[in-house]
Amino acid sequence: MDFELSDEQKDIKNAAREFAEKEFTEIARDYDQKESFPRDLWRKACGLGFVGLFIKEEYGGPGLGILDHSIVMEEFWRVDPGCGNILLAVFGAEFIQLYGREEQKKKYLPPLPRGEAIMGTAITEPDAGSDITAISTRAKKDRDGYIINGTKQFITNGSIADYLIVICVTEPEAESRFKRFSALLVESNRPGFEAIKITGKLGIRASDTAELTFSDVYVPKENLIGKEEGQGFYQTMQLFNMNRVVAASQGVGVAQGALDKAIKHVKQRKQFGKPIGAFQAVQFKIAEMATWVEAARALYYKAGWMIDNGKVDPKLISMAKWMAGEVGVKVANEALQLHGGYGYIADYDIERFYRDAKIVEIYEGTKEIEKNTIAREILGRI
Ligand SMILES: Cc1cc2nc3c(=O)[nH]c(=O)nc-3n(C[C@H](O)[C@H](O)[C@H](O)COP(=O)(O)OP(=O)(O)OC[C@H]3O[C@@H](n4cnc5c(N)ncnc54)[C@H](O)[C@@H]3O)c2cc1C
């Protein structure tokens, strides 16, 4: 058994931290306030090879793993979660790499790490969130392709993406409700596609989120991901397996970043004639926060390592995602508390971490849905 990252992974981690500290620190508050995607930053990160680490060499990436991608995500989120989500510019590339046909991989994957295209994945709808079998966006066969109608809600990169994977109903009459869906690749310049940017988010405000409407959007049959219809639900579950590990790394990153700020503050801030870090009640908090972060990191490392070694374990993945989400929220809360009134003010940045942390308990499956998965794997369906 070996708990060490490889030398290459350590180098990637250090390089990601150095990049984030140099490039995010000055601009993070501004992008949070103006709620806009930092395009120049994303291009720089692409130029240095941080974006799309899991994309195979034959499709323009370095061919590393989900764990490597997650390690970079953690370091980026540690410095700023909103800016850190520039790494999600490849959100859905895993889907194409796993299930796409060769022509699709060659066409849609190489522009992503080069910084020439942004993508997204549209699953959620106004009436289909946790229950994705309630998806109603319809793709009807027409002229050697499909006509899509429907609405997708809360889509990351929705208003900036060049193309998106869109989960649609293709076979409404299928006996099994799990076989009704297919994944279609939709270019955002197709007539009938509209994206309305959502503003006023609590956190990760530099990350783009949009509502999408599809009004008679035509895509050719070549845009179906995979060889046959009816696979969309199963493909989406596999995507979740990978992206929940990535989301877990976000929770660990925001927690570690908040802890870093708390450590710095309790050493500097003096009350009752000594640094507040000298009080045992404060020391216990720091000890607990550090332990939670370490435990959550160990879980996502293991879950990610297993995926990269061909052993996908949905129970472990959901454990990692749930725990990291909760640890992010708990640690950011305690870190803000340790800052006292200063924590409540934007100048100290910890209030942003407090707001940013919450999303990890919601997207890529809420924490309740993660617990459903864990319990089902343990108890079976009862
Ligand atoms: C910033 C942001 C970015 C996002 N990005 C994307 C994206 O790129 N692509 C995409 O497709 N979606 C995206 N989402 C959507 C996100 O995945 C959903 O919001 C999430 O899955 C929850 O769905 P919902 O909001 O409809 O909540 P609901 O499903 O309505 O859940 C509401 C509450 O009920 C609970 N609940 C529901 N069912 C159960 C149950 N069976 N047992 C116990 N509790 C239950 C939930 O846990 C939750 O607490 C994003 C959301 C946000 C906010």
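Given the structure is predicted, the values throughout are model-derived calculations rather than measurements.

Cut-offs and rules
Residues numbered from 1 in each chain as written. Predicted model: local features only at pLDDT ≥ 70, side-chain atom pairs only at ≥ 80, totals over all residues. Heavy atoms only, no water. Helix = DSSP H or I, 4+ residues; strand = E, 2+ residues; numbered from the N terminus. Rg over C-alpha atoms; globule rule 2.2 N^0.38 Å. Contact = heavy atoms within 4.5 Å. Areas by Shrake-Rupley, 256 points an atom, 1.4 Å probe, with all protein chains shown as cover. Lys, Arg positive; Asp, Glu negative; His and termini not counted. Charge placed at Lys NZ, Arg CZ, Asp CG, Glu CD. Salt bridge = Lys/Arg side-chain N within 4 Å of Asp/Glu carboxyl O. Near = heavy atom within 4 Å. Polar contact = N/O pair within 3.5 Å; in protein donor to acceptor, adjacent residues only side chain to side chain. Nonpolar A, V, L, I, M, F, W, Y, C, P; charged D, E, K, R; others polar. Phe/Tyr/Trp six-rings, centres within 6.5 Å; stacked < 30°, edge-to-face > 60°. Buried < 20%, exposed > 50% of the residue type's maximum accessible area, 1.4 Å probe, protein only. Patch = residues over 30% accessible without salt bridge, like charges linked within 9 Å, V, L, I, M, F, W, Y side chains within 5 Å. Axes fitted to C-alpha atoms, helices over the stretch in contact; angles between N-to-C directions. Parallel < 35°, antiparallel > 145°, perpendicular 65-115°, else oblique. Left-handed = near helix turned anticlockwise from the far one by under 90°. Pairing = 2+ DSSP bridges. Core = buried A, V, L, I, M, F, W, Y, C linked by side-chain atoms within 4.5 Å.

Caption draft 1: Expanded view of the overall build of the chain. Helices and strands together make up the secondary structure of the chain, namely twelve helices and nine strands. The C-alpha radius of gyration of the chain comes to 21 Å, within 12% of the 21 Å expected for a compact globule of 382 residues. Dimensions of the chain, computed from the C-alpha atoms along their principal axes, are close to 80 × 50 × 40 Å. For the chain, restricting intrachain contacts to residue pairs at least 6 apart in sequence, the fraction spanning at least 24 positions comes to 75%. Accessible area for the chain stands at about 17,200 Å²; split by element, carbon and sulfur atoms hold 51% of it. The distance from the centre of the 51 positive side-chain charges to the centre of the 56 negative ones in the chain is 3 Å.

Caption draft 2: Expanded view of the pattern of salt bridges. Scanning all chains against the criterion turns up 36 salt bridges. For the salt bridge of Asp349 with Arg29, the shortest nitrogen-to-oxygen distance reads 3.1 Å. Here Asp349 is found in the loop between α10 (314–338) and α11 (350–357), whereas its partner Arg29 is found in helix α2 (residues 28–34), with 320 residues between them in sequence. Of the charged contacts, one joins Glu103 and Arg101 as a salt bridge, the two residues approaching to 2.9 Å between their closest N and O atoms. One network of salt bridges, with partners in common, ties together Lys13, Arg17, Glu74, Glu75, Arg78, Asp260, Glu294 and Arg297.

Caption draft 3: Broad picture of the site of the ligand. In the vicinity of the ligand there are 20 residues, among which Thr124, Ser130, Phe154, Thr366 and Glu368 approach most closely. Taking Ser130, its side chain carries an N or O atom lying 2.6 Å from an oxygen atom of the ligand. Take Thr366: an N or O atom from its side chain is 2.6 Å from an oxygen atom of the ligand. Burial of the ligand by the protein chains amounts to 65% of its free accessible area of 980 Å². Counting residues per element, the ones that place at least two in the shell around the ligand are β1 (119–122), β3 (145–156) and α12 (367–379). Residues that form the shell around the ligand fall into these classes: nine nonpolar, eight polar and three charged.

Caption draft 4: Geometry of the packing of aromatic side chains. Applying the stated rule across the entire model yields 14 aromatic pairs. Centre to centre, the rings of Phe19 and Phe24 are 6.1 Å apart; their planes meet at 80°, and the pair counts as edge-to-face. Since its relative accessible area comes to 6%, Phe19 is described here as buried. Ring geometry for Phe37 versus Trp42: centroids 6.3 Å apart, planes at 55°, classification tilted. Residue Phe37 is classed as buried on the basis of its relative accessible area of 11%. Through a chain of ring-to-ring contacts, the aromatic side chains of Phe19, Phe24, Phe50 and Phe76 assemble into a single cluster.

Caption draft 5: Structural detail: a nonpolar patch on the surface. Residues Tyr342, Tyr344, Ile345 and Tyr348 make up a contiguous nonpolar surface patch of roughly 460 Å² in combined accessible area. Position of Ile345 relative to the elements: it lies in the loop between α10 and α11.

Caption draft 6: Spatial organisation of the packing of helix α1 (residues 7–23) against helix α4 (residues 66–79). Two elements in contact, α1 and α4, have axes separated by 8 Å at closest approach and are oriented at 30°. Judged on the interaxial angle alone, α4 and α1 are roughly parallel. When you trace α1 past α4, the crossing you get is right-handed. Residue-level contacts link Gln9, Ile12, Lys13, Ala16, Arg17, Phe19, Ala20 and Glu21 of α1 to Leu67, Asp68, Ile71, Val72, Glu74, Glu75, Phe76, Arg78 and Val79 of α4. Considering only residue class, the contact of α1 with α4 consists of nine nonpolar, one polar and seven charged.

Caption draft 7: Examining unusual backbone geometry more closely. For Asp144, which is not a glycine, the phi torsion comes out positive at approximately 60°. Inspection of the secondary structure assignment puts Asp144 in the loop between β2 (138–142) and β3. Here Asp144 falls in the exposed class, since its relative accessible area comes to 54%. Within the chain, Phe272 stands out as a residue other than glycine whose phi angle is a positive 50°. With respect to the secondary-structure elements, Phe272 resides in the loop between β8 (270–271) and β9 (274–275).

Caption draft 8: Structural view of the pairing of β1. By the alternation rule, side chains of β1 split into Met119 and Thr121 and Gly120 and Ala122, which are all buried. As defined by bridge partners, β1 adjoins strand β4 (residues 163–169) across four bridges and the pair is classed as parallel. Within β4, the residue paired with Met119 across the bridge is Tyr163.

Caption draft 9: Spotlight on the nonpolar core. In this structure, Phe24, Phe76, Leu112, Ile165 and Tyr300 are the most contacted members of the largest nonpolar core, which totals 97 residues. Ranked by the residues each element gives to this core, the list is headed by helix α8 (residues 232–268), at 14 residues. The residues touching Leu112, leaving out its near neighbours within four places in the chain, are Cys46, Val51, Ile55, Ala89, Val90, Ala93, Ala117, Ile118, Met119 and Tyr163.

Caption draft 10: Quick look at the environment of Asp68. Note that Asp68 resides in helix α4. With a relative accessible area of 8%, Asp68 lands in the buried category. Between the alpha carbons of Asp68 and Thr291 there is a distance of 23 Å; along the sequence they are 223 residues apart. Aside from chain neighbours lying at most four places away, what touches Asp68 is Gln9, Ile12, Leu53 and Asp308.

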